[in-house]
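# Chain and residue survey
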Amino acid sequence: MRVLGVDPGLTRCGIGVVEGTAGRPLRMGGVGVVRTPADAEVPDRLVLVERGIEEWLEEHRPDVVAVERVFSQHNVRTVMGTAQASAVAMLCAARRGLPVALHTPSEVKAAVTGTGRADKAQVGAMVTRLLRLDAPPRPADAADALALAICHIWRAPAQDRLQQARLQQARHQQLHRRQAHAARAASAAVAEPAPAPGAAPPAAPARRTQRTPKDSR
């Protein structure tokens, strides 16, 4: 599996490519950062982010794109920029028909370091160790993107099993509803008496004629 990890941001959008499967050594396919000038207008910056991500998608041809799930922070401006860059990454993936996986920062930290409260230095150190790199990727956004890709590779099998279990449960529930509906229909048919063979159909009720004052005279 080849995963493109995206740590979204307007100023620095971390990008990292990791190849491998759960339980086996992983290999880094590439790492970098898409940068945009802070003094540029937001629409122009989003175009630059889109172009940068498209270049990585075109070069590395990943099987899936893992994006950090945006969560609430006190700095609303930062959240908005992160959410916008995240949407661009998902759009680029969807345009190519690639599946998108969202992982929270705590999920990524827990998968890579064993604790959801690890700091960036710990994440960078574990990424360096897991990918057998000479030094932690810089800036931290690049290391976070690689951590996202690693997290997805390790979590994907469990997520697939969970999804299959949910689909199977949904099928069972749908089958149970159909069987229950058929049982109710059969019960209603048995409760209604069938006419005896050769019996005449029931006569229609007599129509009552309302007398008018003219008829009574």
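See above for the structure.
Now for a quick tour of the structure. (Residues numbered from 1 in each chain as written. Predicted model: local features only at pLDDT ≥ 70, side-chain atom pairs only at ≥ 80, totals over all residues. Heavy atoms only, no water.)

### Structural notes on the environment of Arg96
Among the structural elements, Arg96 can be located in the loop between helix 2 (76-95) and strand 5 (100-103). C-alpha separation for the pair Arg96 and Arg61, spaced 35 residues apart in sequence, amounts to 9.8 Å. The residues touching Arg96, leaving out its near neighbours within four places in the chain, are Glu54, Leu57, Glu58 and Arg61. In this structure the side chain of Arg96 is engaged in a polar contact, spanning 2.9 Å, whose partner is the side chain of Glu54. (Helix = DSSP H or I, 4+ residues; strand = E, 2+ residues; numbered from the N terminus. Contact = heavy atoms within 4.5 Å. Polar contact = N/O pair within 3.5 Å; in protein donor to acceptor, adjacent residues only side chain to side chain.)

### What to know about the packing of helix 3 (residues 105-113) against helix 4 (residues 120-130)
With their axes 9 Å apart at the nearest point, helix 3 and helix 4 run at an angle of 50° to one another. The pairing of helix 3 with helix 4 is recorded here as oblique in orientation. As helix 3 packs across helix 4, the resulting crossing turns out to be left-handed. Residues Lys109, Val112 and Thr113 of helix 3 form the contact with helix 4, whose own contacting residues are Gln122, Val123, Met126, Val127 and Leu130. Residue composition of the contact of helix 3 with helix 4, by class: 5 nonpolar, 2 polar and 1 charged. (Axes fitted to C-alpha atoms, helices over the stretch in contact; angles between N-to-C directions. Parallel < 35°, antiparallel > 145°, perpendicular 65-115°, else oblique. Left-handed = near helix turned anticlockwise from the far one by under 90°. Nonpolar A, V, L, I, M, F, W, Y, C, P; charged D, E, K, R; others polar.)

### So, the pairing of strand 5
Only one face of strand 5 is buried, namely the one carrying Ala101 and His103, since none of Val100 and Leu102 on the opposite face is buried. Here strand 4 (residues 64-68) runs beside strand 5; their pairing, made up of 4 bridges, is parallel. Along strand 5, the bridge assignment pairs Glu68 with His103. (Buried < 20%, exposed > 50% of the residue type's maximum accessible area, 1.4 Å probe, protein only. Pairing = 2+ DSSP bridges.)

### Thoughts on the pairing of strand 1 (residues 2-7)
Of all 6 residues making up strand 1, 5 are buried, and the element is well covered by its neighbours. Note: strand 1 against strand 2 (residues 12-19), 6 bridges, orientation antiparallel. Looking across to strand 2, one finds that Gly5 is bridged to Gly16. Taking the residues that link successive antiparallel strands as the turn, the strand 1-strand 2 hairpin has 4 residues.

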